[in-house]
Amino acid sequence: MAQAWPERPVTIIVPSAPGDGSDIAARLIGEKLRHALGQGFVVENRLGAGGVVGSTAAAKAAPDGYTFIMANAGSHGINPAIYVNIPYDALNDFTPVSLIYRSPNIFVASPKLPVANMKELVAYAKANPGKLSFASGGAGSSAHMSSEYLKMLTGIEATHVPYRGAGPALNDIVSGQVEFMAVNLPPAIGLVKGGQIKPLAVTTMKRAPALPDVPTVDESGVKGFETVAWFGLLGPKGVPQPIIDRLHAEVVKACADKEVQEKLAVLGGETVCNSPAEFRDFLAADIARWKDVAAKASIKIEAQ
């Protein structure tokens, strides 16, 4: 079976917008898989409802090895924690292949907002309660929940403005329509380096090598704060093991490719590529962690 597969193009569903972290991972890895396996790996962006739309489509796809999803921390870590009546089981309706890469989120601010770092943002928000708004690439994304987590730990007030993807949200940060946001590092790093938005802090416990001068949220006084954006490949439940084994072997080779590593490093990403069993354990732990955060922050969203 594995030797015959794939006999036609394979679809990788991306549950977010073009240019987001899942999209970048799918296109980088998909191109390497095309060369290795001799068939196209077609990226299909199916965004909406914070990843619920694309994830539901992937869960319901035939488990024949021709549909996968480049899942992320929002679609498969956070959504099970915040959505009521979600139409898929993020852990049990999918077959893990591999975690692909991890990257920090980064808090950024509009150039029009009179703050230069995270401490000043928190102070400004406390001095102007309820006057700030924060963007996200979608309700339930890791970026959205990073901001909710910040609100919970600091006691600041700010209104959430969800967008259909990081790109449109960042455009409004640049123009000053929204004051600040947390966002995956890859789509934001060009704007940060170009001086179009203000970097405030990264969300991991260690600084991002791609932006070594930007402190962490923990360093900025919000002790213990950490959120991580991750991106990994899953199939629907029931994909034959020989196909998973072959695909996993090629994904590991792709992750080890110098070009892939360099492109992700420039964007602040770090390749992981673990085993299917390790990815499942990671996913279960991430879901449990976000359920705890969502419960403490009293966040629930009705699935559409």
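Residues numbered from 1 in each chain as written. Predicted model: local features only at pLDDT ≥ 70, side-chain atom pairs only at ≥ 80, totals over all residues. Heavy atoms only, no water.

Here's the deal with the packing of aromatic side chains
Summed over the entire model, instances satisfying the criterion amount to 7 aromatic pairs. Seen in terms of ring centroids, Tyr 88 and Phe 94 are 6.0 Å apart; in terms of plane orientation they differ by 90 degrees. Their pairing is edge-to-face. Of the two residues examined, Tyr 88 and Phe 94, each falls in the buried class. Linked through ring pairs, Phe 107, Tyr 149 and Phe 225 together constitute an aromatic cluster. The positively charged end of Arg 8 is found above the aromatic ring belonging to Tyr 66, 3.8 Å away from the centroid. The lysine or arginine in question, Arg 289, covers the ring of Trp 290, its NZ or CZ lying 5.0 Å from the ring centre. (Phe/Tyr/Trp six-rings, centres within 6.5 Å; stacked < 30°, edge-to-face > 60°. Buried < 20%, exposed > 50% of the residue type's maximum accessible area, 1.4 Å probe, protein only. Lys NZ or Arg CZ within 6 Å of the ring centre and 35° of its normal.)

Comments concerning the pattern of salt bridges
Two side chains with opposite charge may pair up if their charged atoms get near one another. The full count for this structure, using the stated rule, is 11 salt bridges. Its salt-bridge partner being Asp 23, residue Arg 27 comes within 3.0 Å of it at the nearest N-O pair. Residue Arg 27 and its partner Asp 23 are both found in helix α1 (residues 21-37); the two are separated by 4 residues, about one turn of the helix. Judged by relative accessible area, Arg 27 falls into the partly exposed class, the value being 42%. Note on Asp 23: relative accessible area 4%, which makes it buried. Put simply, Glu 148 and Lys 151 hold a salt bridge, and the shortest N to O gap is 3.4 Å. One end of the pair is Glu 148 and the other is Lys 151, both in helix α5 (residues 142-154) and 3 residues apart, which spans about a single turn. Judged by relative accessible area, which is 14%, Glu 148 ranks as buried. Here the residues in one salt-bridge network are Lys 32, Asp 257, Glu 259 and Lys 263, joined through shared partners. (Salt bridge = Lys/Arg side-chain N within 4 Å of Asp/Glu carboxyl O. Helix = DSSP H or I, 4+ residues; strand = E, 2+ residues; numbered from the N terminus.)

Here we look at the side chain of Lys 151
Overall, Lys 151 belongs to the buried group, its relative accessible area being 19%. Those residues in contact with Lys 151 that lie beyond four places of it in its chain are Phe 134, Ile 156 and Ala 158. (Contact = heavy atoms within 4.5 Å.)

Thoughts on the side chain of Asn 274
Take Asn 274: it is sitting in the loop between β11 (270-271) and α10 (276-297). By relative accessible area, which is 12% here, Asn 274 ends up buried. Engagement of the side chain of Asn 274 in a polar contact is seen with the backbone nitrogen of Leu 99, the distance being 3.0 Å. Once residues within four sequence positions are removed from consideration, Asn 274 is found in contact with Val 97, Ser 98, Leu 99, His 248 and Phe 279. (Polar contact = N/O pair within 3.5 Å; in protein donor to acceptor, adjacent residues only side chain to side chain.)

Quick word on α10
Given a rise of 1.5 Å per residue, 22 residues ought to cover 32 Å, and the 31 Å separating the end C-alpha atoms of α10 matches this to within 8%. Those residues of α10 that sit buried are Phe 279, Leu 283, Asp 286, Ile 287, Trp 290, Val 293 and Ala 294. Down the axis, α10 shows its buried residues gathered within 130 degrees of arc, on one side only. In α10, the exposed positions that point more than 90 degrees away from the buried face belong to Ala 277, Asp 281, Ala 295 and Lys 296. The inward-facing, buried residues of α10 contact α3 (73-82), β5 (94-109), α5 and β10 (228-236). Positioned one or two residues after α10, Ser 298 has a phi angle of 55 degrees, which is positive. (Expected span 1.5 Å × (residues − 1). Arc of directions from axis to C-beta.)

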